[in-house]
Amino acid sequence: MNLFTLKHQEGFARAGIIHTPHGEIQTPAFIPVGTQATVKTVTPQELLDTGSQAVLANTYHLYLSPGVETIREYHGFAPFMKWDGPTFTDSGGYQVAFLWTPKEAKERSSQVTITEEGAVFRSHIDGSKHLLTPEKSMEIQDVLSADIIMAFDQPLSQLSTREKQKDAFERTMRWETRSHARWTELQKTREHKQALYGVVQGETDPILRRASLDFVLRLDFPGIAIGGSTIGSDPQITADALDTIVESLPSGKPVHALGLGGGPEGIFEAVKRGVDTFDNTSVTRMARTGLLFLFPEDGGGIHNKFRSDVHKFSPTDMAPISSVCTCMTCKTFSRGYIRHLFVNNELLGGRLASIHNIHYMNTLMEAIRTAILQEKFTHLYDNWLKK
Ligand SMILES: [Zn+2]
């Protein structure tokens, strides 16, 4: 069975199916992030109820805690967290380089030493020293046991000079070659095969992006992941970055955008350019701060009008967050009550908001999938934009 089946294409936007040993993913799809083997505050059953199809966990975090030997006992992070469906892990490369806030990232990057061998870094938990190499990333991801795993790369963003970026770019190709070799070796003894995605770097530089994609295609990775800070920011910059390679993306391989941001507009722009899946931590992070996604029918469109601050609701507002949303939160609770939970820092607030935001994302993606199959993707985008 092929990893990816293309069902229909409208322009470069595509609807398809990713086949994994733990089930199918209908694409385009949003993949919720379960950094520490938990999508924060949400149970696996609730993830299913919101229409989620897969979970992405972070190699860096699970390697540090609970550690590889603990996860090995559970036969992977999915059985550990009791998620039965398809799974992804990232390579750890991004977290090693830039963890959390820009300030922390700056401090941390000064604590990371990159050599040809790999990245030496200090744990954000206890300051202990670790070496992460392409081989080790593959070995950790083998134990974490996700269906889809990522090659180990060195992110280019935040590297000061063009010279340093070029260095990192070339090193990433060597690291991806080593990732591919170790992954090939590890698959021989696995019951459930893992699909390795090669990471395409190069930000908005068309020459670098194309060279990176050519390299990933030459090594014949089963899937393609698009990385870099240009993917996680402004929709126009994301579009510019993807425009450099959109015409060369193969129809037979799935394409994942790592940490895609930019709200609904960023998603539409990425899907328009052939992205099949993406992960994003801000969906649940924003929920926990009280930022709720709005459907066009609720007066939310795109251009930063797609969300509402729960603190601005009236205390006696009896209406649900959204008049059209079918999530558990909207079917059950009033805006006034959810506001009350947030005002008093009650944990249930962040939980209900997370359920709503994840459900919103999955509803948007389902609408996009249906639209592509009916050749109405452009129409859907225009409608979302207008409202
Ligand atoms: Zn809702």
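Note: the structure precedes this text.
Residues numbered from 1 in each chain as written. Predicted model: local features only at pLDDT ≥ 70, side-chain atom pairs only at ≥ 80, totals over all residues. Heavy atoms only, no water.

J.: Any chance you could break down helix H11 (residues 263–272) for me, citing the residues and the numbers?
T.: For H11, the buried fraction is high: eight of the ten residues fall into the buried class. Residues Pro264, Glu265, Gly266, Ile267, Phe268, Glu269, Ala270 and Val271 constitute the buried set of H11. Once H11 finishes, Gly274 follows within two positions and takes phi at roughly 90 degrees, a positive value. (Buried < 20%, exposed > 50% of the residue type's maximum accessible area, 1.4 Å probe, protein only. Helix = DSSP H or I, 4+ residues; strand = E, 2+ residues; numbered from the N terminus.)

J.: Give me the lowdown on helix H10 (residues 235–243), citing residues and values where you can.
T.: Of the positions making up H10, those classed as buried are Pro235, Thr238, Ala239, Ala241 and Leu242. Mapping the buried residues of H10 onto a view down its axis gives an arc of 165 degrees, with all of them on the same face. Tucked into the core, H10 has its buried residues touching helix H9 (206–218), strand S12 (223–226) and H11. The backbone nitrogen of Gln236 has a side-chain oxygen 3.0 Å away, supplied by the residue at the start of H10, namely Asp234. (Arc of directions from axis to C-beta. Contact = heavy atoms within 4.5 Å. Polar contact = N/O pair within 3.5 Å; in protein donor to acceptor, adjacent residues only side chain to side chain.)

J.: Break down the sheet that holds strand S1 (residues 4–10) for me, citing the residues and quoting the values.
T.: A sheet is described by the order of its strands in space; here three strands give the open sequence S1-S2-S3, paired in antiparallel fashion. At either end of the open sheet lies a strand with only one pairing partner, and these are S1 and strand S3 (23–27). The average undirected angle you get between the axes of adjacent strands in this sheet is 10 degrees. As paired elements, strand S2 (residues 13–20) and S3 share five bridges and run antiparallel to each other. Bridging from a neighbouring strand, Gly16 pairs with Thr27 of S3. (Pairing = 2+ DSSP bridges. Axes fitted to C-alpha atoms, helices over the stretch in contact; angles between N-to-C directions.)

J.: Which residues make up the packing of aromatic side chains, and what values do they have?
T.: As enumerated under the stated definition, the model contains 13 aromatic pairs in all. Aromatic pair Tyr74 and Phe80: ring centres 4.6 Å apart, planes at 55 degrees, arrangement tilted. Given a relative accessible area of 29%, Phe80 falls into the partly exposed group. A ring pair is formed by Phe293 and Tyr360, whose centres lie 5.2 Å apart and whose planes are at 70 degrees; its orientation type is edge-to-face. Taken together, the residues Phe293 in strand S15 (residues 291–293) and Tyr360 in helix H15 (residues 347–373) connect sequence positions 67 residues apart. Both residues of the pair, Phe293 and Tyr360, count as buried. Within the aromatic cluster, the residues linked to one another by ring pairs are Phe268, Phe293, Phe295, Tyr360, Phe377, Tyr381 and Trp384. The ring of Phe313 has Arg335 lying over it, and the distance from NZ or CZ to the ring centre is 5.3 Å. (Phe/Tyr/Trp six-rings, centres within 6.5 Å; stacked < 30°, edge-to-face > 60°. Lys NZ or Arg CZ within 6 Å of the ring centre and 35° of its normal.)

J.: Just give me the short version of the pattern of salt bridges, but keep the residues and values in it.
T.: Proximity of charged atoms lets side chains of opposite charge pair with each other. If you walk through the whole model with that rule in mind, you get 15 salt bridges. Linking Arg351 and Glu46 is a salt bridge whose minimum nitrogen-to-oxygen distance equals 2.7 Å. Separated by 305 residues along the polypeptide, Arg351 in helix H15 and Glu46 in helix H1 (residues 44–49) bring together distant segments of the chain. Under the relative-accessibility criterion, Glu46 is labelled buried at 14%. Measuring nitrogen to oxygen at the nearest pair gives 3.5 Å for the salt bridge that ties Lys188 to Glu185. On the accessibility criterion, Glu185 (43% relative accessible area) is partly exposed. Here the salt bridges share partners, and the residues they tie into one network are Glu116, Asp167, Arg171 and Arg174. (Salt bridge = Lys/Arg side-chain N within 4 Å of Asp/Glu carboxyl O.)

J.: Go over the sheet that holds strand S8 (residues 119–122), please, and point to the residues and values.
T.: Strand-to-strand pairing in sheets goes through backbone hydrogen bonds, with the strands running parallel or antiparallel. Read across the open sheet, the three strands follow the order S7-S8-S9; overall the sheet is antiparallel. The outermost strands of the open sheet, each flanked by one partner alone, are strand S7 (113–114) and strand S9 (129–132).

J.: Help me get a handle on the coordination of the zinc ion, residues and values and all.
T.: The protein atoms donating to the zinc ion are Cys325 (SG), Cys327 (SG), Cys330 (SG) and His356 (ND1), with metal-donor distances spanning 2.1 to 2.3 Å. Linear spacing of the donor residues for the zinc ion on their chain is C-x1-C-x2-C-x25-H. Assigned by exposure class, Cys325 and Cys327 land together as buried. (Donors = N, O, S within 2.8 Å, 3.2 Å for Na, K, Ca; no water.)

J.: Outline the nonpolar core, listing residues and values.
T.: Judged by nonpolar contacts, the single largest core of 92 residues is most densely connected at Phe77, Ile267 and Ile368. By residue number, the principal contributor to this core is H15, which donates eleven residues. Residues lining this core come from more than one domain, with at least three contributed by each of domain 1 (4–280) and domain 2 (287–386). Each residue touching Phe77, except ones within four places of it in the same chain, is listed here: Ala37, Val55, Ala57, Leu62, Ile71, Thr87, Phe88, Thr89, Leu144 and Ala146. If you look at the next biggest cluster of nonpolar residues, it comprises 16 residues, including Phe4, Val33, Ile148 and Ala225. (Core = buried A, V, L, I, M, F, W, Y, C linked by side-chain atoms within 4.5 Å. Domains from an automatic or database assignment.)

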